[in-house]
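Below, each chain spelled out in residue letters.
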Amino acid sequence: MAYAVMHILAVIIFLDLLRHYVFKKNKFPRYLVVLGGIAGLAPDIDIPLGGLLHLITGKEILSHGTLTHSFLLALAFFAVGIFLHSKKNYVWSRISNVIGVGIFFHILLDCFYGSGMEKFFLWPFTKILSACNLWDLYPYGNHIDAVLLVLWLVHEEVHQKVKDWF
Ligand SMILES: [Zn+2]
């Protein structure tokens, strides 16, 4: 699994680039970028929540890397986003889609970083995604975080986008 910083940073950078280069800023308000970043970390809520449930019930009700780390959960948010868009509820459609992007990125990163949870990414099905074993980036996590953050800051400064954050 990737570190928490990467889970947030990767989604924020992706959504911020979309905001600047694909959508107009007024169609893609800044809160969506922040929400996406939080959604990028959200699947790991199963760690404290699972621990709490275990403490209360004494049973393993929510295991790390199952329900919240399933690509099907991301697809469910995209499906809701498409449905809401068809009903012309654009605000909640975008919110649902950025949450889907956050969850999707989280699972992708856990896959690339080698999480040992490959058999859960299509939960509740048990198909193992063998491509996840190829990357094993976990030992380089801190370095990748730092390089990505520096590159993004340089991009924001060079293209004079830092002021957009204030
Ligand atoms: Zn995770």
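Everything quoted here is computed from the prediction, not taken from an experiment.

Can you explain the packing of helix α1 (residues 4–21) against helix α2 (residues 30–41)? Please cite residues and give values.
Running from N to C, α1 and α2 cross one another at 150°; their axes reach a closest spacing of 7 Å. With respect to each other, α1 and α2 are oriented roughly antiparallel. In this structure, α1 crosses over α2, and the sense of that crossing is right-handed. Along its contact with α1, which presents A4, H7, I8, V11, I12, L15, D16 and R19, the element α2 presents R30, L32, V33, G36, G37, G40 and L41. Class assignment of the residues belonging to the contact of α1 with α2 gives a composition of 8 nonpolar, 4 polar and 3 charged.

Kindly report on the coordination of the zinc ion, identifying the contributing residues and their values.
Of the protein atoms, only D44 (OD), H69 (NE2), H106 (NE2) and D110 (OD) coordinate the zinc ion, at distances of 2.1 to 2.3 Å. Classification of the site at the zinc ion rests on its 4 donor atoms, whose angles at the metal span 85 to 173°, yielding the label irregular. In terms of primary sequence, the donors binding the zinc ion are separated according to D-x24-H-x36-H-x3-D. Here the residue D44 occupies a position in the loop between α2 and α3 (46–57), and H69 occupies one in the loop between α3 and α4 (71–86), the gap between them amounting to 25 residues. Take D44 and H69: they sit in the same class, and that class is buried.

Could you give an account of the nonpolar core, naming the residues involved and the relevant values?
The biggest cluster of nonpolar side chains holds 18 residues, and the ones touching the most others in it are M6, L15, F28 and L109. When residues of this core are traced back to their parent elements, those giving at least two are α1, α2 and α5 (90–113). In this view, M6 contacts L109, Y113, I144, D145 and L148; residues no more than four positions away in its chain are not counted. Membership of the second largest hydrophobic core comes to 7 residues, among which are F71, A74, I103 and C111.

Please give an account of the side chain of H106 that cites residues and values.
Along the chain, H106 falls in helix α5. The buried category is assigned to H106, whose relative accessible area is 0%. Residues in contact with H106, not counting those within four places in the same chain, are H7, G40, L41, P43, D44 and H69.

Explain the environment of V11 to me, using residue names and the numbers behind them.
For V11, the position within the fold is in helix α1. We classify V11 as buried; its relative accessible area is 0%. Considering only alpha carbons, one finds V11 and F104, 93 residues apart in sequence, at a separation of 9.4 Å. The residues touching V11, leaving out its near neighbours within four places in the chain, are G36, G37, G40, V101, G102 and F105.

Quick one: what's the story with a nonpolar patch on the surface, residue by residue and with numbers?
On the surface, a nonpolar cluster with roughly 520 Å² of combined accessible area is contributed by I45, L49, L52, L55 and I56. Mapped onto the secondary structure, I56 falls in helix α3. Among the residues examined, I56 registers a relative accessible area of 62% and is labelled exposed.

Criteria and thresholds
- Residues numbered from 1 in each chain as written.
- Predicted model: local features only at pLDDT ≥ 70, side-chain atom pairs only at ≥ 80, totals over all residues.
- Heavy atoms only, no water.
- Axes fitted to C-alpha atoms, helices over the stretch in contact; angles between N-to-C directions.
- Helix = DSSP H or I, 4+ residues; strand = E, 2+ residues; numbered from the N terminus.
- Parallel < 35°, antiparallel > 145°, perpendicular 65-115°, else oblique.
- Left-handed = near helix turned anticlockwise from the far one by under 90°.
- Contact = heavy atoms within 4.5 Å.
- Nonpolar A, V, L, I, M, F, W, Y, C, P; charged D, E, K, R; others polar.
- Donors = N, O, S within 2.8 Å, 3.2 Å for Na, K, Ca; no water.
- Tetrahedral: all angles 85-135°; square planar, octahedral: opposite > 155°, others 65-115°.
- Buried < 20%, exposed > 50% of the residue type's maximum accessible area, 1.4 Å probe, protein only.
- Core = buried A, V, L, I, M, F, W, Y, C linked by side-chain atoms within 4.5 Å.
- Patch = residues over 30% accessible without salt bridge, like charges linked within 9 Å, V, L, I, M, F, W, Y side chains within 5 Å.
- Areas by Shrake-Rupley, 256 points an atom, 1.4 Å probe, with all protein chains shown as cover.
- Salt bridge = Lys/Arg side-chain N within 4 Å of Asp/Glu carboxyl O.

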